[in-house]
Amino acid sequence: MIYASDLDRTLIYSLNAIGVPGDASGLVPAEVIDGRTVSYISQQALDMLKELAAKIVFMPVTTRTIAQYRRINLFQETIIPDYAVTSNGGNILVNGVVDHEWRAAVGRLVERGSVPAEEAGRIVRSVVRAEWITSERYCDELFYTFVVHRDSLPLDEITRMAERLDGLGWKVSLQGRKLYIVPEAVNKSDAILHVRRTVRSEPMVASGDSLLDKSLLAAADYAIAPCHGEIFAEQQAGLVNLEYPFTKQSGVFAGDEIMQYVQTIYNNLTALGVGPQ
Ligand SMILES: [Mg+2]
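Since the structure is predicted, the reported quantities are computational estimates derived from the model, not experimental observations. (Residues numbered from 1 in each chain as written. Predicted model: local features only at pLDDT ≥ 70, side-chain atom pairs only at ≥ 80, totals over all residues.)

Draft legend 1. Region of the structure containing the overall build of the protein. Summing up its helical and strand segments, the protein has ten helices and 14 strands in all. Against the 2.2 N^0.38 benchmark of 19 Å for 277 residues, the protein shows a C-alpha radius of gyration of 18 Å, consistent with a compact globule. By principal-axis analysis of the C-alpha atoms, the protein measures approximately 55 × 40 × 40 Å. Relative to its 277 residues, the protein shows a buried fraction of 42%. Pairs at least 24 residues apart make up 61% of the contacts formed inside the protein by residues separated by at least 6 positions. (Helix = DSSP H or I, 4+ residues; strand = E, 2+ residues; numbered from the N terminus. Rg over C-alpha atoms; globule rule 2.2 N^0.38 Å. Buried ≥ 20, exposed ≤ 12 C-beta atoms within 10 Å, placed from the backbone. Contact = placed C-beta atoms within 7 Å.)

Draft legend 2. Examining the pairing of strand β1 (residues 2–5) more closely. Along β1, one buried face is formed by I2 and A4 and the opposite face, lined by Y3 and S5, is buried too. In this structure, β1 lies alongside strand β5 (residues 57–60), joined through four bridges in parallel fashion. In the sheet register, A4 faces β5, and the bridge partner there is M59. Direction of pairing for β1 relative to strand β13 (residues 204–207): parallel, over a ladder of four bridges. Along β13, the bridge assignment pairs S5 with S207. (Pairing = 2+ DSSP bridges.)

Draft legend 3. Broad picture of the sheet that holds strand β12 (residues 178–183). Taken together, the four strands give an open sheet; going across it, the order is β9-β10-β12-β11, and neighbouring strands pair in antiparallel fashion. Both outer strands of the open sheet, β9 (133–139) and β11 (170–175), are each paired with one neighbouring strand and no more. For this sheet the average axis-to-axis angle between neighbouring strands, irrespective of direction, equals 15°. Judged from the six bridges that link them, β9 and strand β10 (residues 143–148) form a sheet pairing that is antiparallel. Bridging from a neighbouring strand, C139 pairs with F143 of β10. Where helix α5 (residues 117–127) meets the sheet, it contacts β9, β10, β11 and β12, and its direction lies at approximately 20° from that of β10. The strands that helix α6 (residues 155–167) touches are β11 and β12; relative to β11, the one it contacts most, it runs at about 150°. (Axes fitted to C-alpha atoms, helices over the stretch in contact; angles between N-to-C directions.)

Draft legend 4. Fine view of the domain arrangement of the protein. Split by domain assignment, the protein resolves into domain 1 (2–105 + 187–272) and domain 2 (115–183). Opposite the 13 residues of domain 1 that make contact, domain 2 presents nine residues. (Domains from an automatic or database assignment.)

Draft legend 5. Focus on the sheet that holds strand β4 (residues 36–42). Read across the sheet, three strands follow the order β2-β4-β3 without closing on themselves; strand pairing throughout is antiparallel. Both outer strands of the open sheet, β2 (13–14) and β3 (27–33), are each paired with one neighbouring strand and no more. In the sheet, β3 pairs with β4 via six bridges, with the strands oriented antiparallel. Looking at the pairing, E31 lines up with S39 of β4. Relative to the sheet, helix α1 (residues 43–53) contacts β3 and β4, its axis offset from that of β4 by approximately 70°.

Draft legend 6. Molecular detail of the pairing of β10. Linking two consecutive strands that pair antiparallel, namely β9 and β10, is a turn of three residues; a positive phi of about 50° is found at D140 within it. The pairing of β10 with β12 spans four bridges and is classified as antiparallel. Residue pairing in the sheet places T145 in a bridge with Y180 of β12.

Draft legend 7. Representation of unusual backbone geometry. Notably, R9 is not glycine yet its phi reads approximately 70°, a positive angle. Position of R9 among the secondary structure elements: in the loop between β1 and β2. Residue D34 is not a glycine yet carries a positive backbone phi of 50°. Mapped onto the secondary structure, D34 falls in the loop between β3 and β4. According to the C-beta neighbour criterion, D34 is exposed, with 5 such atoms within 10 Å.

Draft legend 8. Seen up close, the UniProt feature "domain: Sucrose phosphatase-like" (unreviewed entry) in the protein. On the UniProt side, "domain: Sucrose phosphatase-like" (unreviewed entry) is annotated at positions that read residues 43–223 here. End C-alpha atoms of residues 43–223 are separated by 22 Å, and the span's content is 43% helix alongside 25% strand. (UniProt positions renumbered as here; feature names shortened; annotations may be inferred.)

Draft legend 9. How the structure looks around the environment of T37. With respect to the helices and strands, the residue T37 is situated in strand β4. Taking the C-alpha atoms as reference points, T37 and L15, 22 residues apart in sequence, are found 9.0 Å from one another. Once residues lying within four places of it in the same chain are set aside, the contact partners of T37 are P29 and V32.

Here it is as structure tokens:
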């Protein structure tokens, strides 16, 4: 079995997203920078993940850059996955090493299917005014993240901008204060399906919270989402009717329910003798 999961706001949580005080009980640091904890995981979720990761293929699937992924102590020290997808699918790390063949293949698809990054950036800056942007980054030479003053953003115009960019091969996702502008070929599902073919393992369970995770959840046999984030908001607004379950809790402890769900699938498949490995 493969368990492929988004990280931020699904398994690990920054103080902005955690939903409880940082000194609440039942939390473990996941990422420590200069002695300061910047993200947490629930102790219970960690225990379950540790146990499962020893038996199945656990794969982090994140929009973080390679460098941002590598600074998560949890996945360098406590649980060391054989495969990790970073850069929203633009990179695959195999035993921590970048798969250059995959990266080159993605680069070719981006060139073919999306207008150049400079043009996409210009379109964003024509809608999102400079004073609404705290910082801007072109990540791993693949996609943009803009940290924005979310409350200032004219959401109607952002929606229209997203439609325009969609026609030019770029996807838009607004997560908290971060606005992501990503080429269509840089997606989590293509990367995950590539790894799935490589490891020849099935079935696949997935979890994630944002629009950038939708393709990941759709590519899996079983999926679950926390009851916060963009996917949940879409469901709440009645925009979509998704087939997978949502957790009951929001915030960091949604991770407990997600891990319980993965554990249940694993137990059921093992009982049925259906390819748990
Ligand atoms: Mg997330």
